[in-house]
Amino acid sequence: MRIAVVGSGYVGLVAGACFADLGHEVSLVDNDQEKLAALQAGQVPIHEILLPELLARHRGKRLTFSDDLHAAVKESAAVFIAVGTPPTEHGEADLSYVESVARGIATAINGYKVVVEKSTVPVYTSEWIRRILLRNAAAPDLFDVASNPEFMREGTAVVDFFYPDRILLGANSERCAAMLREIYAPMTDGSYYRRSEAIPGPEGAQDPPRLIMTSTQSAELTKHACNAFLAMKISYINAVASVCDAVGADVQQVREGMGSDRRIGPNFLNAGIGYGGSCFPKDLKAFRAVARERGYEFRLLDEVMRINEEQREHFLKKVRNALWTLRGKRLAVLGLAFKGGTDDIRESPAIALVEMLVQEGCQISAYDPAAMERARQALKSGVEFAGNPYEAARGADALLILTDWEEFAKLDWKRMRNQLKDPIVIDGRNLYDPAAVAESGFTYYSMGRPVASPEEAAVEATPARKIGNS
Ligand code: NAD
């Protein structure tokens, strides 16, 4: 099928490349000339595993890039809208990009088209898109508006696309539903997974994936409900971690106990400095705003957001506990992206914390495997950027872990010990086993777990070794 994807950002670019891999002819449209030039020149503007391979496979063949929305819509049967939906200052989703694309689509409709919301949008956006299309002279029998929310996670987006927990399609007419089903048919009939060049799936992947058909409104609402629920899980475990800190319990042990309950599950139960990124913060605000607009005060979401904000203060308190005063301290920061595996720093709690520490008079030396370039533009003063974790740590009063990069989980502690002025690690992501870090000679602070120090590690290690030797 010929498909247009409007918006070549994290979602549009990945979805477009994946649609091409399924066998469709895809026109990716964007109005950012710099991004287009980079894409046309063979560059990959975002850090996303497997995306370079897919772009190399299909660029210039089944996948083309342009700024010509009109032409792309004319030649396509389905048009996916994947532009940004950032929050307004009052917390609602700013749908002006979606509206502007809808206007552009209206004038190019030359036969039946399905216009699909891929962006995360408030419920009833489909109805607005429909009205905009009609107001701009699109004939009512020549289009349907559908919802196909995207559940991919940055960092594993390509694999998430091909091996989703479910494909959610919201359509209010059978004609439209049939077209959407056809787009995903290579996945739902399993034929994609039998191809030799198919992107391999993770262990336990469900193939073919489950298809869920709903009304357009239900699909729109499901996406907001999912993101709000996941954010709630994160805030919940962070609140539990604060209680653990207060009573000397260990949140990792609590997590294991909770997460092994199949009704709860272990995912999104990692205590830390809070969620960030371009989705959870804005989607919670938007969901809250939609509910309020329709007369329901969704106060639970206020609390989720409040706990998330509080985590940053909670972490700062840990830094103060470890170092006493902050003015003039030199701190090594590992991680700037909002989570591991991406270069995305939008609403990154790591960036917010670096800014807070600079405000407190600290000098920061930071390293991130992928987000340095973006961070350099966001962080102006008080921050130096290092070439690797050990360079960042040179002469620092403490090492701070702010993003859960896999690379950081395998640090060479002996080498790190030689770089730091003081052997202090303050881990906002609970990446390490406290006893192991303490045994390497560090005083180790983490979230919702007791402080581990080399002295305690030595005391604990001695009887164990005696038993082992006897
Ligand atoms: P993004 O900012 O990375 O990309 C948006 C793209 O749209 C940009 O390249 C921009 O230039 C382009 N654009 C804006 N207006 C345009 C117009 N009028 N014509 C053509 N192009 C235009 O955003 P994103 O992270 O890809 O998110 C897009 C949507 O998907 C959002 O609603 C987001 O909530 C949702 N979403 C994002 C993720 C994620 O992990 N990033 C996951 C699921 C859903």
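Counting starts from 1 at the beginning of each chain's written sequence and moves along it residue by residue. Per-residue local features are limited, in this predicted model, to residues with pLDDT of at least 70; the limit for side-chain atom pairs, both in listing and counting, is 80 or more; totals at the level of whole chains, interfaces and linings are taken over all residues. To get the side-chain values, all heavy atoms of the structure are used, and hydrogens and water are removed first.

Draft legend 1. Structural detail: unusual backbone geometry. For the bond running from Asp207 to Pro208, omega is 0°, close enough to zero to count as cis. A helix here means a DSSP run of H or I that spans at least four residues, while a strand means a run of E at least two residues long, and both kinds are numbered starting from the N terminus. Within the secondary structure, Pro208 sits in the loop between α9 (191–194) and β8 (210–214). Positive phi outside glycine occurs at Trp324, with the angle close to 65°. Within the fold, Trp324 resides in the loop between α13 (299–323) and β9 (330–334). Note on exposure labels: buried denotes an accessible area under 20% of the residue type's maximum, exposed denotes more than 50%, and partly exposed covers the range between, all computed with a 1.4 Å probe on protein chains only. On the basis of relative accessibility, which here comes to 73%, the residue Trp324 falls in the exposed class. The residue Asn430 is not glycine, and still its phi comes out positive at about 50°. Following the sequence through the fold, Asn430 ends up in the loop between β13 (424–427) and α19 (434–439).

Draft legend 2. Inspection of the sheet that holds strand β14 (residues 443–445) at higher detail. A pair of strands is treated as paired once DSSP finds two or more bridges between them. Taken together, the six strands give an open sheet; going across it, the order is β11-β10-β9-β12-β13-β14, and neighbouring strands pair in parallel fashion. Single-partner strands in this sheet number two, and they are β11 (383–385) and β14. The sheet shows a mean angle of 20° between the axes of neighbouring strands, direction not considered. As judged from the five bridges shared by β9 and strand β10 (residues 363–367), these two strands associate in the parallel manner. From the neighbouring strand, Leu331 faces β10, where its bridge partner is Ile364. Working rule for contacts: check all heavy atoms of both residues, and any pair within 4.5 Å makes them a contact. To obtain each axis, a line is fitted to C-alpha atoms, and for helices this fit is confined to the stretch in contact; angles are then taken between N-to-C directions over 0 to 180 degrees. Packed on one face of the sheet, α13 meets β9, β12 (398–401), β13 and β14 and runs near 170° to β13. Running over the sheet, helix α14 (residues 349–359) touches β9, β10, β11 and β12 and is turned about 160° from β10.

Draft legend 3. Up close: the confidence of the model for the protein. For the protein, mean pLDDT is 96; residues scoring 70 or higher make up 98% of the total. Segment residues 464–470: pLDDT under 50, and zero contacts once partners within four positions in sequence are set aside and those in other chains are kept. Residue-level confidence of the predictor is summarised by pLDDT, bounded by 0 at the bottom and 100 at the top.

Draft legend 4. Structural view of the site of the ligand. A cutoff of 4 Å decides nearness: a residue is near a molecule or strand if any of its heavy atoms lies inside that distance of it. The environment of the ligand is made up of 27 residues, and the closest members are Asp30, Lys35, Thr85, Glu154 and Lys282. For the ligand, an oxygen atom lies 3.0 Å from a polar atom in the backbone of Thr120. Between the ligand and the protein, one listed contact pairs a nitrogen atom with a side-chain N or O atom of Glu154 at 2.7 Å. Burial of the ligand by the protein chains amounts to 88% of its free accessible area of 830 Å². Elements with a minimum of two residues in the shell around the ligand: α1 (10–22) and α5 (96–106). Looking at the shell around the ligand element by element, the count peaks at three residues for α5. Under the rule applied, a polar contact is a pair of N or O atoms within 3.5 Å (in protein, one hydrogen donor and one hydrogen acceptor; residues adjacent in sequence only if both atoms are side-chain atoms). Residue burial considers only the protein chains on display, and all accessible areas are found by Shrake-Rupley using a 1.4 Å probe.

Draft legend 5. Main features of the domain arrangement of the protein. These domain boundaries are the output of an automatic or database domain assignment. The domain boundaries assigned to the protein delineate domain 1 (2–214), domain 2 (223–308) and domain 3 (311–458). Placing the centre of domain 1 and that of domain 2 at their C-alpha centroids yields a distance of 28 Å. At the interface, 16 residues of domain 1 touch 11 residues of domain 2. Note on domain 1 versus domain 2: buried area summed over both sides is about 1,100 Å², and carbon and sulfur give 68% of it. Any carboxyl oxygen of Asp or Glu within 4 Å of a side-chain nitrogen of Lys or Arg constitutes a salt bridge here. Applying the counting criterion to the domain 1 and domain 2 interface returns zero salt bridges. Taken together, domain 1 and domain 2 are joined by three residue pairs in polar contact (both at pLDDT 80 or more). Here the residues of the side of domain 1 that touches domain 2 sort into nine nonpolar, three polar and four charged. Buried area adds together the accessible area that both of two parts lose upon being put together, with accessible area traced by a 1.4 Å probe. Under the grouping applied here, Gly and all other residues not named as nonpolar or charged are polar, the nonpolar ones being Ala, Val, Leu, Ile, Met, Phe, Trp, Tyr, Cys and Pro and the charged ones Asp, Glu, Lys and Arg.

Draft legend 6. Broad picture of the nonpolar core. With 65 residues, the main nonpolar core has Leu336 and Leu399 as its most contacted residues. Counting only domains with at least three residues in this core, you end up with domain 2 (223–308) and domain 3 (311–458). Ignoring anything within four residues of it in the chain, the contact list for Leu336 reads Ile345, Ser348, Ala350, Ile351, Val354, Ala366, Asp368, Met372, Ala375, Leu379, Phe385 and Thr403. Remark: nonpolar core denotes a set of buried residues (Ala, Val, Leu, Ile, Met, Phe, Trp, Tyr, Cys) joined through side-chain atoms within 4.5 Å.

Draft legend 7. Structural context of helix α2 (residues 33–40). Regarding α2, the residues found buried are Leu36, Ala38 and Leu39. One side of α2 holds all its buried residues, which, seen down the axis, span an arc of 160°. Summarising the contacts, the buried residues of α2 are in contact with α1, α3 (51–58) and β3 (63–66). For this quantity, the arc is that covered by the directions from the helix axis to the C-beta atoms.

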